[in-house]
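A structural walkthrough
Residue strings, one per chain:
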Amino acid sequence: MKIFKSKILILALMLVSFAAFSQSNVKGVLVDAQTGEVLIGASVVVDGTTIGTATSLDGSFKITVPSGNQKMIFSYVGYIEVVQDITVSGEDIDLGKIKLESDAVNLNEVKVVASVAIARETPVAISTIQPTQIAEKLGTQEYPEILKSTPGVYATKQGGAFGDSRINIRGFDASNTATMINGVPVNDMENGWVYWSNWAGLSDVTRSLQLQRGLGASKVAVPSLGGTLNILTNTTNAKKGGTAFTTVGQDGYKKYGFTLSTGLTENNWAATVALAKSEGDGYVDGTQFESYSYFANISKQLNDKHVLAFSIFGAPQWHGQRSTDMTIETYQNSDRGIRYNQDWGYKNGEIYYARKNYYNKPQAILNHFFTMNETTSISTALYASIGTGGGTGSYGNTGKFYGNYLKEGQIDFDRIVDENIAAGNAGSESIMRSSVNNHKWYGILSSFNKDLGNLDIMIGVDGRYYVGEHYREVTDLLGGDFYLESGIDVNNFDKVVGVGDKIAYANDGHVGWVGLFGQAEYKLDKLSTFVSLSLSDKMYQRVDYMNYFTDDLISQINASATLEQQYRDELGNRKFLEAMKGQESDWVSFIGYMAKGGANYQLNDNHNVFFNTGYFQRQPDFDAVFLNYINWVNEKAENEKVYSFELGYGYRSPIISANLNAYYTKWSDKTFTPSISVTDPATGARTYYIANILGIDAAHMGLELDFVIKPIEKLQITGFVSVGDWRWLTDVEDVGVFDENQNEIGTFDVYLKDVKVGDAAQTSAAIGIDYELLKGLKFGVDYNYYDNIYADFDVLGRTSAPAVGESNPNSWEMPFYSLVDMNLRYNFKVSDLNATLYCNVNNLLDTEYISDATDGNNHDWQSSKVYYGWGRSWSVGLKIRF
């Protein structure tokens, strides 16, 4: 019996030993073939088996594979699948780096033009959002809100209407944050703003969204005080196929669309087309919307050296707006609560918007990629953007729209119509207008790239020309036959206008830009460094059609003393002399430059450190050059100066990835040119003055920590903590106030020293959990926290000195708040097609919170005006791939 048991034991040991020798551990690292950046969460599967795994946070994987000849399949969203044959004979196998190529034609070339940063190599703080994250997390949120769980970011919907969102990075607003799409700058050439309603369909065609905080990696001169939003859209898929999708949500939200790709044909043509439509009633009252988006890309590889690619993207839309912020008491007294909106009403029984935005801004880019040899290339992008549209509002006696004239909380348009009809031959007293802001923008961005081994050199040119067309026009006489406008247009002092006629103002802004840039990158083993320089000349011209006589009229006036006296009597001597200068101003030029550099050093496979620093002078904006809405050049306008320094540390292992950054940015000679309106109590006439506030400085400093933890394959934990200290540094004495004739009529002081910067949360944090419950079924929950939020304020409200021994008061500190979002994603099959179901609930706990505020006279909640954020919202979407 003992002998039998011994034989059984020996046999079992032999079987165990055989099993051990019949399989092996296979490991490797999946990386992007172009950049070398690791691919996190990529799929690794043994063909013909159920054996598989996903790459860890450092791109590595380790999997047990049965003996024999096996096929390993490596795949990742947005990349071409790689199949590798291996022979397993019992010994462990190290496949090293497995390189995956992008499945998008010309994407690598676009990345070079767009200055995409590489983690643990480019010495800047970055957060990269992949299209899978956008699909799973965005829901019905606005595009910038996908970044709300990244350090230093504060993104809100402002008034709450479709497309009216905004984003602040490290305390800097959109005009001080660069936004680039495929390497092309899209910040407005006159004022630097980015209007997200113009890019309403961007989430459908985003290939990657990278936030580079601080100076960023962009080689061209852009306003990156807070950071750079670097957006890459889809190019053309190398594989034939497409998608169809639909989404529904609360408040009548509906969205549907499709994408089609030809794939790369035998004669090296490829094309992709995408169309979508969105519509809904809006969470906030009176914010219905309708939006379309279109995208097309076509490329042709002419030969081994030349590739041409053309893309066009646009999103025509209209939406009702909530543009009037209100006191907390006003919301509390309304039956509609936080959804309340004064900026609409009913006209003849139908919804009628006082504030309605409509715009279409297509952008077209023609890329030429010229590979001269293995080490030399030239990339050129020609682009154009032609925007048309504007926003409506009241005009004339605007007091009849609001205040005591409201009917059950809304504008009584029917009463205004009746009153205008009753006025008869006197014409309409209150009308509707549209502020039109059309533009034409053309540019070229070309760079020469040379690889000298460890040293990469790039030099390039950046040319832009922009014409902004600004005027108001009558859109609705509200029952009357005409509107009489007097004293506005010097060429037609008393004019009768109807629908479509121009009123109030009509002027063009011309902006030219010529820039040179260069960058050198040096890489040696664990060290990577860069130095970047740029020089730019920004030129402005203003053309005013209402405050200045036409050339023909000037000739007539010069030829007739009677006519001259008539216009002097009508306008007054000073306004007459100004009008005689002609409608076109001289060109005004400002030189700006930027110098920045940094280094990253990988201490070992887990640890890296970096720093970057830079200094640049940014040209003043258009309104700081031409004051008081006339062709008066501000001779005191000067460049704003920015100095920045940042230190960073990174850690990465298969389980944990973390980054810690400390930054300091000093912003000097910030220019404010606010308009001051004084109303004559006897006549009601308004006189406008301009304040030229120069020499205001600010400092933004802070710490940022972000991390990803993946303790097991199915669980991922993300989070960040961001603590900022952003404040104004200086008081300014003897600020000049000027009338329309450039005469200084007085001075005042501005008291801002040590006042906290408003309009964004100086402290924020987040934690998120994503867990794969079953194969294909993933659940996610995200918690975001915001604190130390100070209301935005008008510098003209800061003209009183504090009491002796006291400091300048901060604006009202808004209540802290936290939000919880939840999402669910399920991958499944519909016949032979892959499909995904998405479910999102934002603000799951229906938290009531104030997202935006403007400080009141007493710096408290009673006097401040606010916007509330959305309550709970939900959406369900389905996408099918074919």
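In case you missed it, the structure is sitting above this.
The following refers to the structure shown.

So, how was this worked out
- Residues numbered from 1 in each chain as written.
- Predicted model: local features only at pLDDT ≥ 70, side-chain atom pairs only at ≥ 80, totals over all residues.
- Heavy atoms only, no water.
- Helix = DSSP H or I, 4+ residues; strand = E, 2+ residues; numbered from the N terminus.
- Rg over C-alpha atoms; globule rule 2.2 N^0.38 Å.
- Buried < 20%, exposed > 50% of the residue type's maximum accessible area, 1.4 Å probe, protein only.
- Contact = heavy atoms within 4.5 Å.
- Areas by Shrake-Rupley, 256 points an atom, 1.4 Å probe, with all protein chains shown as cover.
- Lys, Arg positive; Asp, Glu negative; His and termini not counted.
- Charge placed at Lys NZ, Arg CZ, Asp CG, Glu CD.
- Pairing = 2+ DSSP bridges.
- Salt bridge = Lys/Arg side-chain N within 4 Å of Asp/Glu carboxyl O.
- Axes fitted to C-alpha atoms, helices over the stretch in contact; angles between N-to-C directions.
- 1 Å grid on protein atoms, 1.4 Å probe; cavity = no way out; pocket = protein on both sides within 12 Å on 5 of 7 lines; lining within 4 Å.
- Points joined across faces, edges and corners; volume = space filled by probe spheres on them.
- Nonpolar A, V, L, I, M, F, W, Y, C, P; charged D, E, K, R; others polar.
- Patch = residues over 30% accessible without salt bridge, like charges linked within 9 Å, V, L, I, M, F, W, Y side chains within 5 Å.
- Arc of directions from axis to C-beta.
- Phe/Tyr/Trp six-rings, centres within 6.5 Å; stacked < 30°, edge-to-face > 60°.
- Lys NZ or Arg CZ within 6 Å of the ring centre and 35° of its normal.
- Core = buried A, V, L, I, M, F, W, Y, C linked by side-chain atoms within 4.5 Å.

Now for the overall build of the chain. Scanning the chain for helices and strands turns up 10 helices and 53 strands. The C-alpha radius of gyration of the chain comes to 31 Å, within 12% of the 29 Å expected for a compact globule of 882 residues. When the backbone C-alpha atoms are referred to their principal axes, the chain occupies close to 130 × 70 × 60 Å. By the burial criterion, 53% of the 882 residues in the chain qualify as buried. Partitioning the intrachain contacts of the chain with sequence separation of at least 6 by distance along the chain shows that 69% fall at a separation of at least 24. When the accessible surface of the chain is summed, it comes to about 38,400 Å², and 55% of that surface belongs to carbon and sulfur atoms. Separation between the mean location of the 72 positive side-chain charges and that of the 102 negative ones in the chain comes to 10 Å.

On to the pairing of strand E27 (residues 376–396). Within a regular beta strand, the side chains point alternately toward one face of the sheet and then the other, so they alternate between its two faces. By the bridge criterion, 4 bridges tie strand E25 (residues 356–360) to E27 in an arrangement that is antiparallel. In the sheet register, tyrosine 359 faces E27, and the bridge partner there is glycine 389. Two strands pair when backbone bridges link them, and strand E26 (residues 363–373) and E27 are joined in this way by 10 bridges, in the antiparallel orientation. Among the inter-strand pairings, isoleucine 365 is bridged to a residue of E27, identified as tyrosine 383. Here E26 folds back onto E27 in antiparallel fashion, the turn holding 2 residues.

On to the pattern of salt bridges. Side-chain pairs of opposite charge can arise where the charged atoms are in close proximity. All chains considered together, the criterion is met by 37 salt bridges. A salt bridge links aspartate 476 to lysine 347, with the nearest nitrogen and oxygen atoms 2.5 Å apart. In this pair, aspartate 476 is assigned in strand E30 (residues 455–476) and lysine 347 in strand E23 (residues 344–347), connecting sequence segments 129 residues apart. We classify aspartate 476 as buried; its relative accessible area is 13%. Each of Arg170, Arg213, Glu646, Glu704 and Asp706 takes part in salt bridges that share partners, so that together they form one network.

Right, let's talk about the environment of glutamate 419 for a bit. Relative to the assigned elements, glutamate 419 resides in helix H6 (residues 413–423). A relative accessible area of 29% means that glutamate 419 is categorised as partly exposed. As for glutamate 419 and tyrosine 615, which are separated by 196 residues in sequence, their C-alpha atoms are 59 Å apart.

All right, on to the sheet that holds strand E28 (residues 411–412) then. If you walk across this open sheet you meet the 3 strands as E24-E23-E28, and the pairing is mixed. On the outer flanks of this sheet lie strand E24 (350–353) and E28, each paired with one strand and no other. Relative to E24, E23 is paired through 4 bridges, and the arrangement is antiparallel. Bridge pairing links glycine 345 to tyrosine 352 in E24. Of the strands in this sheet, E23, E24 and E28 touch H6, which is tilted by about 55° from E23.

Okay, the sheet that holds strand E9 (residues 125–129) next. With mixed pairing, 5 strands are arranged side by side in an open sheet as E9-E14-E15-E12-E13. Looking at which strands have only one partner, the edges of the open sheet turn out to be E9 and strand E13 (184–185). Strand direction decides the pairing type here: E9 and strand E14 (residues 206–213), joined by 5 bridges, are antiparallel. Paired with serine 127 across the bridge in E14 is leucine 211.

Counting across every chain of the model gives 7 cavities of 30 Å³ or more. Taken as a whole, the second largest cavity encloses approximately 190 Å³ of empty space. Glu145, Lys148, Lys157, Leu819 and Tyr849 are the residues nearest the centre of the second largest cavity, which is lined by 18 residues in total. Every element with two or more residues in the lining of the second largest cavity is listed here: strand E10 (153–156) and strand E49 (817–830). A per-element tally of the lining of the second largest cavity places E49 first, with 3 residues. Looking at the lining of the second largest cavity, its residues break down into 6 nonpolar, 8 polar and 4 charged.

Below, the discussion takes up the pairing of strand E1 (residues 23–32). Relative to strand E4 (residues 60–66), E1 runs antiparallel, the two sharing 7 bridges. For glycine 28, the partnering residue across the bridge sits in E4 and is phenylalanine 61. Of the pairings in the sheet, the one linking E1 to strand E7 (residues 93–100) comprises 6 bridges and is parallel in character. Among the inter-strand pairings, aspartate 32 is bridged to a residue of E7, identified as leucine 100.

The subject of this paragraph is a negative patch on the surface. Together, Asp731, Glu733, Asp734, Glu744 and Asp754 make up a negatively charged patch on the protein surface. In this structure, aspartate 731 sits in the loop between strand E43 (715–728) and strand E44 (732–738).

What follows deals with helix H7 (residues 551–559). Buried residues of H7: Leu553, Ile554 and Ile557, and no others. For H7, the angular spread of buried residues about the axis comes to 105°, placing them on one side. Exposed and oriented more than 90 degrees from the buried face of H7 are Asp551, Asp552, Asn558 and Ala559. Looking at the packing, one finds that the buried side of H7 touches helix H8 (561–571) and helix H9 (573–579).

What follows is about unusual backbone geometry. Of note, the phi angle at aspartate 251 is positive, near 55°, even though the residue is not glycine. Inspection of the secondary structure puts aspartate 251 in the loop between strand E17 (241–249) and strand E18 (253–261). In this structure, histidine 859 is a non-glycine residue whose phi angle is positive, near 55°. Among the secondary structure elements, histidine 859 is positioned in the loop between strand E51 (850–854) and strand E52 (865–868). Judged by its relative accessible area of 25%, histidine 859 is partly exposed.

Structurally, valine 841 is set in strand E50 (residues 833–842). Judged by its relative accessible area of 17%, valine 841 is buried. Sequence-distant contacts of valine 841, that is, excluding residues within four places in its chain, are made with Val820, Asp821, Met822, Arg872, Ser873 and Trp874.

Turning to the packing of aromatic side chains, a few remarks are in order. In this structure the tally under the stated criterion is 30 aromatic pairs. Between tyrosine 76 and tyrosine 79, the aromatic rings sit 5.6 Å apart at their centres with planes inclined by 45°, giving tilted as the arrangement. The buried category is assigned to tyrosine 79, whose relative accessible area is 16%. On the basis of an interplanar angle of 75° and a centroid distance of 6.1 Å, the ring pair of phenylalanine 401 and phenylalanine 413 is categorised as edge-to-face. Here the residue phenylalanine 401 occupies a position in the loop between E27 and E28, and phenylalanine 413 occupies one in helix H6, the gap between them amounting to 12 residues. By relative accessible area, phenylalanine 401 is classed as buried at 0%. Site record: aromatic cluster; members linked through ring pairs are Tyr154, Tyr786, Tyr817 and Tyr849. Directly above the ring of tryptophan 870 sits lysine 157, whose terminal nitrogen or CZ lies 4.5 Å from the centroid.

Here we take up H8. For H8, every residue scored as buried is listed here: Leu563, Tyr567 and Leu571. Angularly, the buried residues of H8 cover 55° about the axis, an arc narrow enough to put them on a single face. Turned more than 90 degrees away from the buried face of H8, the exposed residues are Ala561, Thr562 and Asp569. Phi turns positive, to about 90°, at glycine 572, one or two residues after H8.

With that settled, the discussion passes to the nonpolar core. One finds Ile693, Trp728, Trp812 and Val866 to be the most contacted residues of the largest nonpolar core, which totals 49 residues. For this core, the element with the highest residue contribution is strand E42 (residues 686–712), accounting for 4 residues. When neighbours within four sequence positions are excluded, valine 866 is seen to be in contact with Asp325, Met326, Ile328, Tyr331, Trp812, Ile850, Asp852 and Ala853. In terms of nonpolar packing, the next biggest core, distinct from the first, is built from 24 residues, Leu138, Ile146, Ile167 and Ile231 among them.

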